[in-house]
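Coordinates in review
Residue strings, one per chain:
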Amino acid sequence: MAESAKKIGFVSSIREIIFGLEDSLVSTLGAVTGIAAGAGSTYIVILSGLVLIAVESISMSAGSYLSSKAAEDLEELDGNRMRARAERPLRSAFVMLFAYVVGGMVPLTPYLLLPVQSAAVPSIILTVVTLFSIGAWKGKITKQSWWKSGIEMTSVSLAAALLGYLIGRLVANLAGVSVDI
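Here's a quick rundown of the structure.

Thresholds, definitions, all that
- Residues numbered from 1 in each chain as written.
- Predicted model: local features only at pLDDT ≥ 70, side-chain atom pairs only at ≥ 80, totals over all residues.
- Heavy atoms only, no water.
- Helix = DSSP H or I, 4+ residues; strand = E, 2+ residues; numbered from the N terminus.
- Buried < 20%, exposed > 50% of the residue type's maximum accessible area, 1.4 Å probe, protein only.
- Contact = heavy atoms within 4.5 Å.
- Areas by Shrake-Rupley, 256 points an atom, 1.4 Å probe, with all protein chains shown as cover.
- Expected span 1.5 Å × (residues − 1).
- Patch = residues over 30% accessible without salt bridge, like charges linked within 9 Å, V, L, I, M, F, W, Y side chains within 5 Å.
- Salt bridge = Lys/Arg side-chain N within 4 Å of Asp/Glu carboxyl O.
- Core = buried A, V, L, I, M, F, W, Y, C linked by side-chain atoms within 4.5 Å.
- Phe/Tyr/Trp six-rings, centres within 6.5 Å; stacked < 30°, edge-to-face > 60°.
- Polar contact = N/O pair within 3.5 Å; in protein donor to acceptor, adjacent residues only side chain to side chain.

**Focus on the overall build of the protein chain**
Tallying secondary structure elements over the protein chain gives five helices and zero strands in all. Written out in order from the N terminus, the α and β elements of the protein chain read α-α-α-α-α. For the protein chain, the proportion of its 181 residues judged to be buried stands at 41%. Long-range contacts, defined as pairs at least 24 residues apart, comprise 73% of the intrachain contacts of the protein chain with a sequence gap of at least 6. Counting every atom, the protein chain has about 10000 Å² of accessible surface; 68% of that belongs to carbon and sulfur.

Below is the structure:
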C-alpha cells in the first residue's frame, strides 16, 4: 500500500513538474518577447497582455496533454492502470510553483544579462534547448525514446508559442498597427 501511495505521489509530481515547466517556458517566452518589442506604448502593453493570455491558454492545453501522457505512460509500466491523483495538494502546489519559477527564469535570464535588442535570440534558443531536455527526461523516466519525447515536447510547445505569436500578429493587423517582430 505504501509503495502504491509513493508511486501516485511520484506520478503527480511528474505531471506538475512537466506542466509547470512547459507552461512557464512558453508563456514567459511569449510575454518577454512581446514586451521587449513594446517600447512602453499603451497599445503594445495591451497587445502583449492579449498575446500572453492566448499563449497561456494554449500552453496550458499543451502542458496538460504532455503531463497527462507522461502519467499514463508510468501507469502502464505499473501494469494495474492506477489512477494518478494528487494525494497531497500542498505538495503538488509547491512542485508546480517551483517548476513554474524555474521554467520562467530560462527565457527571462537573457533579458537580465543582455541589452533588450540582443536578448531575444538567446532567450528562444535557451527555451528550445530546455523544452527538448524536459521531453528527453520524460522519455527516459517513462522508458520511451528520449529523443522522440524531446522532439514531441519541443514541437507541441513551440506550436503553442507560434500560435500565440500569430494571434498577436492577427490582432495587430486587425487594429491596423505595424509590429516589427
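**Thoughts on helix H4 (residues 116-141)**
For H4, spanning 26 residues, the distance from its first C-alpha to its last is 37 Å, which sits close to the expected 38 Å at 1.5 Å a residue. Listing the buried residues of H4 in full gives Ala119, Ser123, Thr127, Leu131, Ile134, Gly135, Ala136, Lys138 and Gly139.

**Section: unusual backbone geometry**
Even without being glycine, Lys143 reaches a positive phi, approximately 55°. By the secondary structure assignment, Lys143 is in the loop between H4 and helix H5 (146-174). Taking the relative accessible area as the measure of exposure, Lys143 reaches 67% and is therefore exposed.

**A few points about a nonpolar patch on the surface**
Together, Phe94, Leu97, Phe98, Val101, Val102, Met105, Leu112, Leu113 and Leu114 line one region of the surface with nonpolar side chains, adding up to about 920 Å² of accessible area. In this structure Met105 comes out as partly exposed when scored by relative accessible area, which is 37%.

**Some thoughts on the pattern of salt bridges**
In the structure shown here, the tally under the stated rule is one salt bridge. A salt bridge links Lys138 to Glu152, with the shortest nitrogen-to-oxygen separation between them at 3.5 Å. Of this pair, Lys138 sits in helix H4 while Glu152 sits in helix H5; the two residues are 14 residues apart in sequence, bridging distant segments of the chain. For Lys138, a relative accessible area of 1% gives the class buried. Residue classification places Glu152 among the buried residues on the basis of a relative accessible area of 18%.

**Details of the side chain of Ser149**
On the secondary structure map, Ser149 appears in helix H5. Residues within four places of Ser149 in sequence aside, it is in contact with Gly135, Ala136, Lys138 and Gly139.

**Topic: the nonpolar core**
Core analysis: the largest hydrophobic core is formed by 12 residues, namely Val11, Ile14, Ile18, Leu21, Leu25, Ala70, Leu74, Ala99, Val106, Leu131, Ile134 and Met153. Secondary-structure elements contributing two or more residues to this core are helix H1 (2-36), helix H2 (42-78), helix H3 (89-113) and H4. Here this core takes five residues from H1, the largest share from any one element. Excluding residues that lie within four positions of it along the chain, Ala99 makes contacts with Glu16, Ile17, Gly20, Leu21 and Ser24.

**A short note on the environment of Glu16**
With respect to the element layout, Glu16 can be found in helix H1. For the pair Glu16 and Ser92, spaced 76 residues apart in the sequence, the C-alpha separation amounts to 6.6 Å. What Glu16 contacts, discounting residues up to four positions off in sequence, is Ser92, Val95, Met96 and Ala99.

**Some points on the packing of aromatic side chains**
Any pair of aromatic rings gets described here by the distance separating the centres and the angle formed by the planes. In total, this model carries one aromatic pair according to the counting rule given. Between Phe132 and Trp146 the ring centres are 6.1 Å apart and the planes differ by 80°, which places this aromatic pair in the edge-to-face class. Of this pair, Phe132 sits in helix H4 while Trp146 sits in helix H5; the two residues are 14 residues apart in sequence, bridging distant segments of the chain.

**Quick notes on the side chain of Ser123**
Among the secondary structure elements, Ser123 is positioned in helix H4. For Ser123, a relative accessible area of 0% corresponds to the buried category. A distance of 2.7 Å separates a polar atom in the side chain of Ser123 from the backbone oxygen of Pro107. Every residue in contact with Ser123, bar those within four places of it in the chain, is listed here: Leu29, Val32, Pro107, Pro110 and Tyr111.

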